[in-house]
2 protein chains.
Amino acid sequence: MAISWGADLAQRGIAPDCVQTIELVRDVLARVGDKWTLLTITALASGPLRFTALHQQVAGISQRMLGQTLRALTRDGLVTRTAYPEMPPRVEYALTPLGHSLGQAVEGLVGWVRGHQGDILRHRHDFDRAGPDASG
Amino acid sequence: MAISWGADLAQRGIAPDCVQTIELVRDVLARVGDKWTLLTITALASGPLRFTALHQQVAGISQRMLGQTLRALTRDGLVTRTAYPEMPPRVEYALTPLGHSLGQAVEGLVGWVRGHQGDILRHRHDFDRAGPDASG
DNA sequence: CTGGATCCTATACGATACTG
DNA sequence: CAGTATCGTATAGGATCCAG
């Protein structure tokens, strides 16, 4: 894998720069892995959407989480927020090039899961079946 | 992106099969994105390790979380757990081929973050600076 | 040494209500 | 329409103690 994350990097006197990268990677991964970010990004992948449209597209998300997710995404420069001074208000969210590229990067992982879901499911099944019995 | 996750898939009568994939993807992504899984996988990438060795390698992790993470990884068939009936007990954890391949899939994402961390950090900075002031 | 059981805190998230 | 504030619940995760 050639990646030396080691939480112990910091202790070994590795450049803080590198440690920061590690934390950022984990941070981004955690964000992508959360319950709504990915859905939101993919919803925006096909084009800009308004708050309400997103709320429907990413069905199941609460206003609170949508707002929060959007805010985090915007903060990281993954999406843009454009408010039109009209009445009633209109706000459009759109993926930035950066956001699109993240989406593509994620696709690799998605592809992996798709390709190995059978394995994973099978392992889980075996594990769950053996677990309760296997005492050693 | 060409991925139609849509939480609304289920409502539209999309095959449950596909919906299951979506949930599995999210599940795996969430696992990879959690605080310790990635560190643990990368720690094991260079070879099998015992519990205590892992505990040191992934410095900062608690026994509880290490055990929990290892268990989840084992359940998904990403790592193997080999217990030697000795005294004192010795248990070795090793990445399976599946685990290694996941690590590689993740590398793409890691590469993306590395390549774009400057952008992200800059955006965050701008956002945080503008946020408190910008009232619109 | 391995790692589960227990307790506690911080956070994620949902539901609801309220503001511009 | 577009959000924010508040509240309540569920879970993540750390510290510690205990058992095989």
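Residue numbers restart at each chain and count upward from 1, following the sequence in its written direction. Each chain takes a letter, starting from A, and each ligand takes a number, starting from 1, following the order in which they are written. Predicted model: local features are reported for residues with pLDDT of at least 70 only, side-chain atom pairs are reported and counted for 80 or more only, and whole-chain, interface and lining totals are derived from all residues. Excluded from the side-chain calculation are hydrogens and water; included are all heavy atoms of the structure.

As annotated in an unreviewed UniProt entry, chain A is HxlR family transcriptional regulator from Actinoplanes palleronii.

*Asks:* Now, about the overall build of chain A: what can you tell me, with residues and values included?
*Replies:* Counting secondary structure elements, chain A contains five helices and three strands. Helices and strands appear in chain A in the N-to-C order α-α-β-α-α-β-β-α. Here chain A holds 136 residues, and the buried ones make up 42% of them. Note that accessible areas follow from Shrake-Rupley with a 1.4 Å probe, and for residues the cover is restricted to the protein chains shown. Counting only carbon and sulfur atoms, one obtains 52% of the accessible surface of chain A, whose full area is about 7100 Å². By definition, any uninterrupted DSSP run of H or I lasting at least four residues is a helix, any uninterrupted run of E lasting at least two residues is a strand, and each is numbered from the N terminus. Three labels apply to residues, based on accessible area from a 1.4 Å probe with only protein chains included: buried if under 20% of the type maximum, exposed if over 50%, partly exposed otherwise in between.

*Asks:* Summarise the pattern of salt bridges; cite the residues concerned and give the values.
*Replies:* By salt bridge we mean one thing: a side-chain nitrogen of Lys or Arg within 4 Å of a carboxyl oxygen of Asp or Glu. As enumerated under the stated definition, the model contains 16 salt bridges over all chains in all. For the salt bridge of Asp27 of chain B with Arg124 of chain A, the shortest nitrogen-to-oxygen distance reads 2.7 Å. Linking Asp27 of chain B in helix H1 (residues 16-33) with Arg124 of chain A in helix H5 (residues 97-133), this pair reaches from one chain into another. Look at Asp27 of chain B and you get partly exposed, because its relative accessible area is 29%. The network of salt bridges with common partners includes Asp27, Arg31 and Asp76 of chain A together with Arg124 of chain B.

*Asks:* Explain the confidence of the model for chain A to me, and be specific about the residues and the numbers.
*Replies:* pLDDT expresses how confident the predictor is about each individual residue, on a scale running from 0 to 100. On average, chain A scores 84 in pLDDT, and the residues at 70 or more come to 82%. Contacts: residue pairs with any heavy atoms within 4.5 Å of one another. Of the regions scoring below 50 in pLDDT, residues 1-12 of chain A engages in 28 contacts with residues more than four places distant in sequence or in other chains.

*Asks:* Break down the relation of the copies chain A and chain B for me, with residues and values.
*Replies:* A residue counts toward the fit only if its pLDDT is at least 70 in both copies, and the copies are then superposed by least squares on the C-alpha atoms of those residues. In screw terms, the move from chain A to chain B is a rotation of 180° and a rise of 0.0 Å along the axis, fitting with an RMSD of 0.1 Å. Within this description, the copies of the chain are treated as partners about a two-fold rotation axis. Ranked by how close their C-alpha atoms come to the rotation axis, the residues of chain A are headed by Gly33 of chain A, at 2.5 Å.

*Asks:* Summarise empty space enclosed by the protein; cite the residues concerned and give the values.
*Replies:* Lining residues are defined by having an atom within 4 Å of a point belonging to a cavity or pocket. Those points lie on a 1 Å grid over the protein atoms alone, cavities being sets where a 1.4 Å probe fits but cannot get out and pockets being open sets with protein on both sides within 12 Å along at least five of seven lines. Grid points are joined across faces, edges and corners, and a volume is the space filled by probe spheres set on the points. One pass over the structure, following the stated rule, counts one cavity of 30 Å³ or more. Here the largest cavity is characterised by a volume of approximately 50 Å³. Lining the largest cavity are Ile120 of chain A together with Val28, Arg31, Val32, Thr37, Ile41, Leu73, Asp76, Leu78 and Leu102 of chain B. Residue assignment for the lining of the largest cavity shows that the elements contributing at least two residues are H1 and helix H2 (37-45) of chain B. Of all the elements, H1 of chain B adds the most residues to the lining of the largest cavity, at three residues. In terms of residue class, the lining of the largest cavity is made up of seven nonpolar, one polar and two charged. Any residue that is not Ala, Val, Leu, Ile, Met, Phe, Trp, Tyr, Cys, Pro, Asp, Glu, Lys or Arg is counted as polar, Gly included; the first ten are nonpolar and the last four charged.

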